[in-house]
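# Observations on the model geometry
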Amino acid sequence: MKGKHHISVESLHLKYEFEIRRNITIIQGDSATGKTTLIDLLREYNLRGELSPVRLESDVPCIVFDGTDENWKLLIRATKGSIIFIDEGYSFIFSEEFADVIAATNNYYVLITRRPLICLPYSVKEIYGIRTTGKYHFPEQVYHEFYQLYEEEEITGGENVLFITEDSGSGYQFFKQCCSGRLECISADGNGNIYQTLKALPSDGKIVVIADGAAFGAYIAKVMTYAESRRNILLYLPESFEWMILKSGVIKTKDIRAILNHPEEYIESSQYFSWERFFTAYLEQVTNGDRIRHYQKNKLGSFYVDGRNKDMIVDVFPEAIKEIINNVT
């Protein structure tokens, strides 16, 4: 499945309206915020269809998982081209086996959970709460909408900056080159290690964390909470380093503008488990066979750090990071 799907679910007194644009969407929030009510409305529609008091508008089926911890694999594999909603309480969603199973399906998944799902590569941009607007008294309808829990923060510059990248491959190598030995740049060697890396660092100076936002969703809450307590840690979470290269214009293809503007229309969920994987595969494909521009995730070629090409990639960053890099090169 691919594409953006607009969904409207309503009863006489309630209405939910939202869009799903990736294979994994997370809904979080405290009790009594409307999460379970959404599931109940969809379940009622699943059971009775047009005979139910619930009205559903969606271009694809919206299915509530009503199986057990024993038969979930069978039910999920039997579902095709649908958005599957799974309410909190099912332990299998935290397993590596669940990740393996859904990676091979052409469904989208909306998972309601207050706990991070570290086995799944979900985006920081697809973690939502449910916000209620309107009035509660009869007969007016209570309107529910999704809102992003983690929005991009404003990044400001400063002195004594330390860069932390999630990977030890091309992204780290690019930043190491940009720092020119005048600023420190270290690798956390995996997005799951960023929190512990931050805790081990001294409290003075400014730290800029750069990680692939397309697969950082399971770690964002813990890292952001710690960053807010330290007040000297800033996060920059683009889709991926490969996305930055493609956005910079260093590599030109006839369809890149359309892909960057509407990636959901090009990324097939059964083929790419995360958008980061798509952008990596796309960049590798379009540079394959080109001795100079050939891109490798583990080893960055000199083409990407030479002169104008490096400047074009740096230009994708927020102004504060560009200023820091330009001041040391």
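In this text the structure is predicted, and so the values were computed from the model without any measurement. Every chain begins its residue count from 1, and numbering advances along the sequence as written. Residue-level local features of this predicted model are given only where pLDDT is at least 70; pairs of side-chain atoms are given and counted only at 80 or more, and the full residue set underlies all totals for whole chains, interfaces and linings. Based on all heavy atoms of the structure, the side-chain values leave hydrogens and waters out of the count.

The numbering of helices and of strands both runs from the N terminus, where a helix is a DSSP run of H or I of at least 4 residues and a strand a run of E of at least 2. In terms of regular secondary structure, the protein chain is built from 11 helices and 13 strands. Residue burial is assigned from relative accessible area. The probe radius is 1.4 Å, only protein chains are included, and a residue is buried under 20% of its type maximum, exposed over 50%, and partly exposed in between. Counting the 329 residues in the protein chain, one finds 52% classified as buried. Summarising the internal contacts of the protein chain: among those between residues at least 6 apart in sequence, 65% fall at separations of at least 24. The accessible surface values rely on the Shrake-Rupley method and a 1.4 Å probe; as for residues, cover is taken only from the protein chains in view. Counting only carbon and sulfur atoms, one obtains 47% of the accessible surface of the protein chain, whose full area is about 16000 Å². Residue contacts are defined here by distance: any two heavy atoms, one from each residue, within 4.5 Å place the two residues in contact.

With parallel pairing, the 4 strands of this open sheet are ordered in space as β11-β10-β12-β13. Either end of the sheet is taken by a strand with one partner, and the two such strands are β11 (184-187) and β13 (233-236). Going across the sheet, the axis of each strand differs from the next one's by a mean of 20°, ignoring polarity. With 4 bridges connecting them, strand β12 (residues 206-210) and β13 associate as parallel partners. The residue bridging valine 209 from the neighbouring strand is leucine 235, located in β13. Of the strands in this sheet, β10 (161-165), β11 and β12 touch helix α4 (residues 170-179), which is tilted by about 170° from β11. Against the sheet, helix α11 (residues 319-326) contacts β10, β12 and β13, and its axis sits at roughly 110° relative to β10. Note: two strands are recorded as paired if DSSP finds a minimum of 2 bridges between them. Note on definitions: angles span 0 to 180 degrees between N-to-C directions of axes, and those axes are lines fitted to C-alpha atoms, for helices only across the stretch in contact.

What counts as a ring pair is set by centres within 6.5 Å for rings of Phe, Tyr and Trp (its six-membered ring), and what kind of pair is set by the plane angle: stacked under 30 degrees, edge-to-face over 60, tilted for all other angles. Taken as a whole and assessed by the stated rule, the structure comprises 20 aromatic pairs. Between phenylalanine 278 and phenylalanine 279, the aromatic rings sit 5.4 Å apart at their centres with planes inclined by 70°, giving edge-to-face as the arrangement. With respect to burial, phenylalanine 278 and phenylalanine 279 carry one shared label: buried. The side chain of arginine 22 reaches across the aromatic face of tryptophan 275, ending 3.5 Å from its centre. For a lysine, the NZ atom is tested; for an arginine, the CZ atom; a charge sits over a ring if that atom is within 6 Å of the ring centre and within 35 degrees of the ring normal. Sitting over the ring of phenylalanine 94, arginine 115 keeps its end group 3.9 Å from the ring centre.

The next thing to look at is α4. Of all 10 residues in α4, 7 are buried; the element is thus mostly enclosed. Of all the positions in α4, only Ser170, Gly171, Tyr172, Phe174, Phe175, Cys178 and Cys179 are classed as buried. As for α4, its buried residues are in contact with β10, β11, β12, α7 (241-248), α10 (307-314) and α11. Immediately downstream of α4, the backbone of serine 180 shows phi near 55°, a positive value.

The residue arginine 230 is located in helix α6 (residues 220-230) in this model. At 3.4 Å, the side chain of arginine 230 forms a polar contact with the backbone oxygen of leucine 198. Pairing of N or O atoms within 3.5 Å defines a polar contact, subject to two protein rules: one partner must be a possible hydrogen donor and the other a possible acceptor, and residues neighboring in sequence count only if both atoms are side-chain atoms. Among the polar contacts listed, one links the side chain of arginine 230 to the side chain of tyrosine 226, at a separation of 2.8 Å. Apart from the residues lying within four places of it in its own chain, the contact partners of arginine 230 are Leu198, Leu201, Pro202, Ser203 and Ile207.

A separate point is unusual backbone geometry. In this structure, aspartate 189 is a non-glycine residue whose phi angle is positive, near 60°. Here aspartate 189 is to be found in the loop between β11 and α5 (194-199).

Before going further, it helps to spend a moment on the confidence of the model for the protein chain. Residue-level confidence of the predictor is what pLDDT reports, using numbers from 0 through 100. A residue-level look at the protein chain finds 90% of positions with pLDDT of 70 or above and a mean pLDDT of 87. Contacts from residues 135-142, a stretch scored under 50 in pLDDT, to residues over four places away or in other chains number 18 contacts.

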